[in-house]
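Observations on the three-dimensional arrangement
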Amino acid sequence: MTAATLITVAPTGAEVEKAKVPALPVTLAELVATATECESVGASVIHVHIRDDEARPTLDVGRLRETVAALREATDLVVQLSTGGAVTDPESARLAVLDAAPEMASCTMGTVNFGDDVFLNRWEFIVELHTRMQERGIVPEYEIFDLGHLAALERLLDRYGLPAGGHVHVDFVMGVPGGMPGTTDALVACVHALRNLPAGTTFSATGIGRTTLPVMLASLSAGGHLRVGMEDTITYAKGQPVESNAQLVARAAAVARLAQRPPMTPAQAREMLAIPSR
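Residues numbered from 1 in each chain as written. Predicted model: local features only at pLDDT ≥ 70, side-chain atom pairs only at ≥ 80, totals over all residues. Heavy atoms only, no water.

Section: the packing of aromatic side chains
Between two aromatic rings, the relevant description is the distance of the centres plus the angle of the planes. Under the defined criterion, the tally for this structure stands at four aromatic pairs. Between the NZ or CZ atom of Arg155 and the centre of the ring of Trp123, over which it lies, the distance is 3.8 Å. One cation-aromatic arrangement involves Arg251 over Tyr236; the distance from NZ or CZ to the ring centre is 4.1 Å. (Phe/Tyr/Trp six-rings, centres within 6.5 Å; stacked < 30°, edge-to-face > 60°. Lys NZ or Arg CZ within 6 Å of the ring centre and 35° of its normal.)

Encoded structure:
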């Protein structure tokens with residue numbers, strides 16, 4: 001079990017509407033302010049989706065470059081761009097996210113039903129994303145929505161080699177309607193399956209909606225790390241809307257300290273994830 005906890009904040013996502021959740025950060029200024037607040041209370045990685053001038057999800061590379069630069073200027077956080085985008089985004093736009101040159105990017109390891117939609121991730125697309133990140137020195141976070149995605153990751157690494165930096169880090173995304181449930185049993189099954197991956201593989205876990213707290217507690221007890229944020233939940237407690245992403249990060253940091261695994265600094269996160277220091 002690691003001595004400290006990596007806390008990733010996912011502040012925006014592509015599904016929540018600003019009109020319905022005014023606290024959602026969608027402008028660059030809002031995102032930078034959120035990042036600064038979250039770093040101050042324990043986050044070390046930021047998982048980034050961006051919006052256009054109408055607050056709609058976008059993968060515009062110019063905006064992504066501007067966002068990466070602004071976050072690096074204002075914080076020490078590891079900047080991780082989402083290559084998932086919205087479920088309607090084409091593969092070409094998702095691959096082009098890497099042109100914004102982040103330190104880290106997500107790589108989803110398979111197709112999954114996503115509520116009423118389908119989040120499509122063909123094998124050929126996964127391979128292309130993985131190998132482009134290898135070539136550019138971008139460290140992936142492998143997103144796992146179901147147990148079979150870990151088998152796909154094992155196959156990917158066996159055929160195409162380790163990611164940039166050589167360290168494998170996965171994120172269990174739990175509680176999505178259509179994916180694995182946000183339960184302790186499901187997390188334990190995933191942790192057991194990690195034995196087939198390279199030694200030293202680390203994991204975070206994300207609980208969607210009402211599974212946020214059960215997944216957080218299960219991940220910490222199993223030696224894992226945490227992802228929280230308004231991409232994943234907009235309710236802090238029953239009947240209580242989330243006030244800010246920093247509120248969610250502060251709660252995760254408090255629980256991590258209670259588990260005697262305090263939050264990592266960004267420098268510690270880079271060391272664990274094999275990301276070069278700035």
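Once the structure has been displayed, the description carries forward.
Overview of the pattern of salt bridges
Within the structure shown, the criterion is met by 14 salt bridges. Arg72 is the partner of Glu103 in a salt bridge, and the nearest nitrogen-oxygen pair spans 3.7 Å. Of this pair, Glu103 sits in the loop between α3 (91-96) and β6 (104-108) while Arg72 sits in helix α2 (residues 61-74); the two residues are 31 residues apart in sequence, bridging distant segments of the chain. On the accessibility criterion, Glu103 (10% relative accessible area) is buried. Of the charged contacts, one joins Arg227 and Asp171 as a salt bridge, the two residues approaching to 4.0 Å between their closest N and O atoms. Taken together, the residues Arg227 in strand β12 (residues 225-228) and Asp171 in strand β10 (residues 169-174) connect sequence positions 56 residues apart. Residue Arg227 shares its accessibility class with Asp171, and that shared class is buried. Here the salt bridges do not stand alone but share partners, grouping Arg72, Glu103, Arg270 and Arg278 into one network. (Salt bridge = Lys/Arg side-chain N within 4 Å of Asp/Glu carboxyl O. Helix = DSSP H or I, 4+ residues; strand = E, 2+ residues; numbered from the N terminus. Buried < 20%, exposed > 50% of the residue type's maximum accessible area, 1.4 Å probe, protein only.)

Topic: the packing of helix α1 (residues 28-41) against helix α8 (residues 245-258)
Closest axis-to-axis distance for the α1/α8 pair is 9 Å, and the angle between their directions is 15°. Considered as vectors, α1 and α8 are oriented roughly parallel to each other. Like other packed secondary-structure pairs, α1 and α8 cross with a definite hand, here right-handed. Contact residues: Thr34, Glu37, Cys38 and Val41 in α1; Asn245, Ala246, Val249, Ala250 and Ala253 in α8. Classifying every residue of the contact of α1 with α8 by side-chain character gives six nonpolar, two polar and one charged. (Axes fitted to C-alpha atoms, helices over the stretch in contact; angles between N-to-C directions. Parallel < 35°, antiparallel > 145°, perpendicular 65-115°, else oblique. Left-handed = near helix turned anticlockwise from the far one by under 90°. Contact = heavy atoms within 4.5 Å. Nonpolar A, V, L, I, M, F, W, Y, C, P; charged D, E, K, R; others polar.)

A look at the environment of Gln247
Relative to the helices and strands, Gln247 is located in helix α8. In sequence terms Gln247 and Gly85 are 162 residues apart; their C-alpha atoms lie 24 Å from each other. For Gln247, the contacting residues outside a window of four places in its chain are Tyr236, Gln240, Pro241 and Val242.

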